[in-house]
There are 2 protein chains.
Amino acid sequence: MKKYKSVTAFGPATVANVGCGYDIMGFAIQGPGDEVTVSLNENNATSLVELSGPYGHLIPGAREKNTASVAINCFLQTLGRSELNLRISLVKNMPLGSGMGSSASSSAAAVFAANELLGNPMSTMEIIPFAMEGERIACGAAHADNVAPSLLGGFVLIRSYNPLDIIEVKCPEDLFCAVVHPQLELHTADARRVLKMEITMGNAIKHSANTAGFMVALMKGEYALLSRSMQDLLAEPRRTQLIPGFDPIKENALKEGALGCGISGSGPSLFALCQGEKTAQHVARTIQQGFEAHGLQSETFVSALNAPGCSIINSIEV
Amino acid sequence: MKKYKSVTAFGPATVANVGCGYDIMGFAIQGPGDEVTVSLNENNATSLVELSGPYGHLIPGAREKNTASVAINCFLQTLGRSELNLRISLVKNMPLGSGMGSSASSSAAAVFAANELLGNPMSTMEIIPFAMEGERIACGAAHADNVAPSLLGGFVLIRSYNPLDIIEVKCPEDLFCAVVHPQLELHTADARRVLKMEITMGNAIKHSANTAGFMVALMKGEYALLSRSMQDLLAEPRRTQLIPGFDPIKENALKEGALGCGISGSGPSLFALCQGEKTAQHVARTIQQGFEAHGLQSETFVSALNAPGCSIINSIEV
């Protein structure tokens, strides 16, 4: 077994909720993400998390407040290795409050790097709970619908939180997504505040039917059913008020070939599922133009749905 | 094309709700069911539905109140053939208020027979809405989770009611169910009355996660996941009070090998999903003994999940 002095991991961005899977579905996207380097520290003084990258200056470096270090600390505690004083560097490429799982990218990459550094004492599935603790610090709830797909890659269903039950679901090869991130910050906690705490039995039943239909469609590659199932009765009706131009932008995306379109995570990014990469690229531009018409610049990303999860991108052996 | 004077169809019993699919899932079971004969009437006087079989004396024969005739009348109206005066005979084998889709067996068989008699102007999928009208008369709501599997056979997901969107899902060949019907009558309308009209967001999310997990499990034949997903947060917690001994009976069924166990439809019948026919037979006896311990006699049925739907069992050509 290789012994490392330092390991750098990449944690991909993710789309959570996926239109009809509020709090229970998410998938990784290829391209954007954060990088975390974990090194065995030669001097023993506890230090801050080293921050760099375009958004590094916006997050706390203090170990008890930083998503990456909180996740790693939980991991080390469980392993009984709290004495290890690891140096943690985070390249924060992902904007905050984007709806693309920014904090999850950091905490997933952090635990993934630490696990590799220590010779992989746990499986990727097993380290998910530690990355969830990073989420708790970042947005107040230890949710798994971003960290699980960021770590595992691909499409993930969170069947249960207690006990944690995470199901990986293979998607059709020609299923792509367009993700468009407008220059607008929306905090998960604020986006959660607009939600209702009770829903009608009728809507709960419709919601479960769409969720079930979506899973069948995804597994069978039935795109017409996928399209019909992508209806969010829980979050979208309350959250669109937070995103300028949501209704016409979504309508245009569907008109231009998207199978479904919705809010990525808690927004403000939008995502659209499309058959084929070309359609996804076209839909990404359509959504971008829609935001422009509302005075918002945006970045676009296009990715296959079976995108890879966390990966080691650099390491230095002892 | 054959021209018929008379057609007899069999409509199988069904299990609706299926533990975690309240109002949206159902499957056909092999064995029990009702028979409906539809004949071209030579004399034109409107007559009552002819009733026979062990439970025929318990249901109304008047055309506007009988499940079978109401379903057929809707069908004829849509076809513009209301002038046809069909003679309808119903062999009512299924007990009422059993939770095994008794009324659905009648209305499904009725429309299926009428469609065949008229040379199949519609597909089986297309005649579902007429059978649903029979359900409306029988229990106050035009639900599809019994009539759709009774007509189509196999396992069915009702993705939406408006528009009606019914998805057929193939089950693993070795998945069987045990259905046990205690001598106790429970009306759907009463069973619906005990339900809450609002549920918490948290329970709605958990419910959708179980529904999604169940569909993945069913399609992949992953029995451990199937088992974990079979949790009903909507109906079961409120309805078990209506079924003597529910909790210990369910516990025993699971201990004796059932993957999951719950209320069939609105009860009082219980169903259990099992891997293999032998286990299903054993579990059926276990549940039966459980009812006995609570002073209730019961009938047991064991069936594969991919059971056939309505079929023509007799016909007389012109």
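Whatever comes next refers back to the structure up there.
Just so we're clear, the structure is a prediction, and the values are computed from it rather than from any experiment.

(A) Fine view of the overall build of chain A. Each helix and strand in chain A was counted, giving 10 helices and 12 strands. Taken over the C-alpha trace, chain A has a radius of gyration of 19 Å; the compact-globule value for 318 residues is 20 Å, and the two agree within 12%. Here the contacts in chain A between residues at least 6 apart in sequence split such that 73% fall between residues at least 24 apart. For chain A, the exposed surface amounts to about 12,200 Å²; the carbon and sulfur share of it is 49%.

(B) The arrangement of the sheet that holds strand β9 (residues 260-263) of chain A in detail. All names here are of chain A. The strand order across the open sheet built from four strands is β9-β10-β7-β11, with neighbouring strands paired in antiparallel fashion. Looking at strand neighbours, the two that pair on one side only are β9 and β11 (298-304), the edges of this open sheet. Each neighbouring strand pair of the sheet contributes to a mean axis angle of 20 degrees, computed without reference to strand direction. Two strands pair when backbone bridges link them, and strand β7 (residues 175-182) and β11 are joined in this way by seven bridges, in the antiparallel orientation. By the bridge assignment for β11, Pro 182 is matched with Ser 298. This element, helix α9 (residues 246-255), spans β9 and β10 (270-275) of the sheet and lies at about 155 degrees to β9.

(C) Fine view of the pattern of salt bridges. Summed over the entire model, instances satisfying the criterion amount to 18 salt bridges over all chains. Its salt-bridge partner being Glu 222 of chain A, residue Lys 220 of chain A comes within 3.8 Å of it at the nearest N-O pair. Looking at Glu 222 of chain A, the relative accessible area reads 33%, which means it is partly exposed. Across the pair Glu 83 of chain B and Arg 81 of chain B runs a salt bridge whose closest N-O atoms are separated by 3.3 Å. The exposure class assigned to Glu 83 of chain B is exposed, which follows from its relative accessible area of 57%. It is possible to trace a salt-bridge network through shared partners that takes in Arg 159 and Asp 165 of chain A together with Arg 228 of chain B.

(D) Just the relation of the copies chain A and chain B, in detail. With an RMSD of 0.0 Å, chain A superimposes on chain B once it is rotated by 180 degrees and translated 0.0 Å along the axis. On this basis, the relationship between the two copies can be described by a two-fold rotation axis.

(E) Local environment of the pairing of strand β6 (residues 164-169) of chain B. Here strand β5 (residues 155-161) of chain B runs beside β6 of chain B; their pairing, made up of six bridges, is antiparallel. Bridge pairing links Tyr 161 of chain B to Leu 164 of chain B in β6 of chain B.

(F) Layout of the nonpolar core. Grouped together as the largest cluster of nonpolar side chains are 86 residues, with contacts concentrated most on Phe 155, Phe 214 and Leu 273 of chain A together with Phe 155, Phe 214 and Leu 273 of chain B. Beyond its immediate chain neighbours, meaning those up to four positions away, Phe 214 of chain B contacts Val 18, Cys 20, Met 25, Phe 155, Leu 226, Ser 229, Met 230 and Leu 273 of chain B. Counting 42 residues, the second-largest nonpolar core is a separate cluster that includes Ile 72, Leu 76, Phe 112 and Ala 148 of chain A.

(G) Structural detail: the interface of chain A and chain B. The interface of chain A with chain B comprises 35 residues on the first partner and 35 residues on the second. Regarding the contact of chain A and chain B, the summed buried area is about 2,900 Å², with carbon and sulfur atoms giving 69% of it. Ranking the residues of chain A by area buried against chain B places Arg 159, Met 201 and Met 219 of chain A at the top, with a combined share of 23%. At the boundary of chain A and chain B, one finds two salt bridges. In this structure, the salt-bridge partner of Arg 228 of chain B is Asp 165 of chain A, at a minimum N-O distance of 2.6 Å. Between chain A and chain B we count nine residue pairs in polar contact (both at pLDDT 80 or more) in total. At the level of secondary structure, the elements contributing two or more residues to the side of chain A that touches chain B comprise β5 (155-161), β6 (164-169), β8 (198-200), α6 (201-220) and α7 (223-229) of chain A.

(H) Highlighting the side chain of Arg 159 of chain B. As for its placement among the helices and strands, Arg 159 of chain B is situated in strand β5. Given the relative accessible area of 6%, Arg 159 of chain B is considered buried. In this structure the side chain of Arg 159 of chain B is engaged in a polar contact, spanning 3.2 Å, whose partner is the backbone oxygen of Arg 228 of chain A. Not counting the four nearest positions on each side in its chain, Arg 159 of chain B is found in contact with Ala 209, Asn 210, Gly 213, Leu 225, Arg 228, Ser 229 and Gln 231 of chain A together with Asp 165 and Ile 167 of chain B.

(I) Main features of helix α2 (residues 102-117) of chain B. With 16 residues, α2 of chain B extends 23 Å from end C-alpha to end C-alpha; this agrees with the ideal 22 Å at 1.5 Å per step. Once α2 of chain B ends, the next one or two residues include Gly 119 of chain B, with phi positive near 85 degrees.

(J) View of the sheet that holds strand β7 (residues 175-182) of chain B. Residue and element names in this part refer to chain B. One open sheet accounts for four strands, arranged β9-β10-β7-β11; its pairing is antiparallel. Strands at the two margins of the open sheet, each flanked by one partner only, are β9 (260-263) and β11 (298-304). Across the sheet, the mean angle from the axis of one strand to that of its neighbour is 20 degrees, orientation sign disregarded. Sitting on the sheet, helix α10 (residues 277-293) touches β7, β9, β10 (270-275) and β11, and the angle it makes with β7 is about 20 degrees.

(K) Layout of the state of the cysteines. According to the stated counting rule, one finds zero disulfides over all chains in the structure shown. Free cysteine: Cys 261 of chain A, not disulfide-bonded; nearest cysteine sulfur from Cys 274 of chain A at 8.6 Å. Overall, Cys 261 of chain A belongs to the buried group, its relative accessible area being 2%. No disulfide involves Cys 74 of chain B; its sulfur sits 14 Å from the nearest other cysteine sulfur, which is in Cys 139 of chain B.

(L) Expanded view of the packing of aromatic side chains. For the structure on display, the rule yields eight aromatic pairs over all chains. Pairing Phe 75 of chain A with Phe 130 of chain A gives two aromatic rings, centres 5.5 Å apart and planes at 65 degrees, and the pair type is edge-to-face. Residue Phe 75 of chain A is found in helix α1 (residues 67-79), and its partner Phe 130 of chain A is found in helix α3 (residues 124-139); the two are separated by 55 residues along the sequence. Here Phe 75 of chain A and Phe 130 of chain A have matching classes, each one buried. Here Phe 155 of chain B and Phe 214 of chain B contribute two aromatic rings whose centre-to-centre distance is 5.9 Å and whose plane-to-plane angle is 35 degrees, an arrangement assigned as tilted. A residue pair is termed long-range when its members are at least 10 positions apart, and Phe 155 of chain B in strand β5 and Phe 214 of chain B in helix α6 (residues 201-220) qualify at 59 residues. Look at Phe 214 of chain B and you get buried, because its relative accessible area is 0%. Linked through ring pairs, Phe 27, Phe 155, Phe 214 and Phe 271 of chain A together constitute an aromatic cluster.

(M) Focus on α9 of chain A. Residue and element names in this part refer to chain A. Of the residues making up α9, those classed as buried are Phe 246, Ile 249, Lys 250 and Ala 253. In an axial view of α9, the angular spread of the buried residues amounts to 95 degrees, which keeps them on one side of the axis. Turned more than 90 degrees off the buried face of α9, the exposed positions are Asp 247, Glu 251 and Lys 255. On the buried face of α9, the contacting elements are α8 (236-239), β9, β10 and α10 (277-293).

Criteria and cut-off values
Residues numbered from 1 in each chain as written. Chains lettered and ligands numbered in written order. Predicted model: local features only at pLDDT ≥ 70, side-chain atom pairs only at ≥ 80, totals over all residues. Heavy atoms only, no water. Helix = DSSP H or I, 4+ residues; strand = E, 2+ residues; numbered from the N terminus. Rg over C-alpha atoms; globule rule 2.2 N^0.38 Å. Contact = heavy atoms within 4.5 Å. Areas by Shrake-Rupley, 256 points an atom, 1.4 Å probe, with all protein chains shown as cover. Pairing = 2+ DSSP bridges. Axes fitted to C-alpha atoms, helices over the stretch in contact; angles between N-to-C directions. Salt bridge = Lys/Arg side-chain N within 4 Å of Asp/Glu carboxyl O. Buried < 20%, exposed > 50% of the residue type's maximum accessible area, 1.4 Å probe, protein only. Least-squares fit on C-alpha atoms with pLDDT ≥ 70 in both. Core = buried A, V, L, I, M, F, W, Y, C linked by side-chain atoms within 4.5 Å. Buried area = accessible area lost by both parts, 1.4 Å probe. Polar contact = N/O pair within 3.5 Å; in protein donor to acceptor, adjacent residues only side chain to side chain. Expected span 1.5 Å × (residues − 1). Disulfide = S-S within 2.5 Å. Phe/Tyr/Trp six-rings, centres within 6.5 Å; stacked < 30°, edge-to-face > 60°. Arc of directions from axis to C-beta.

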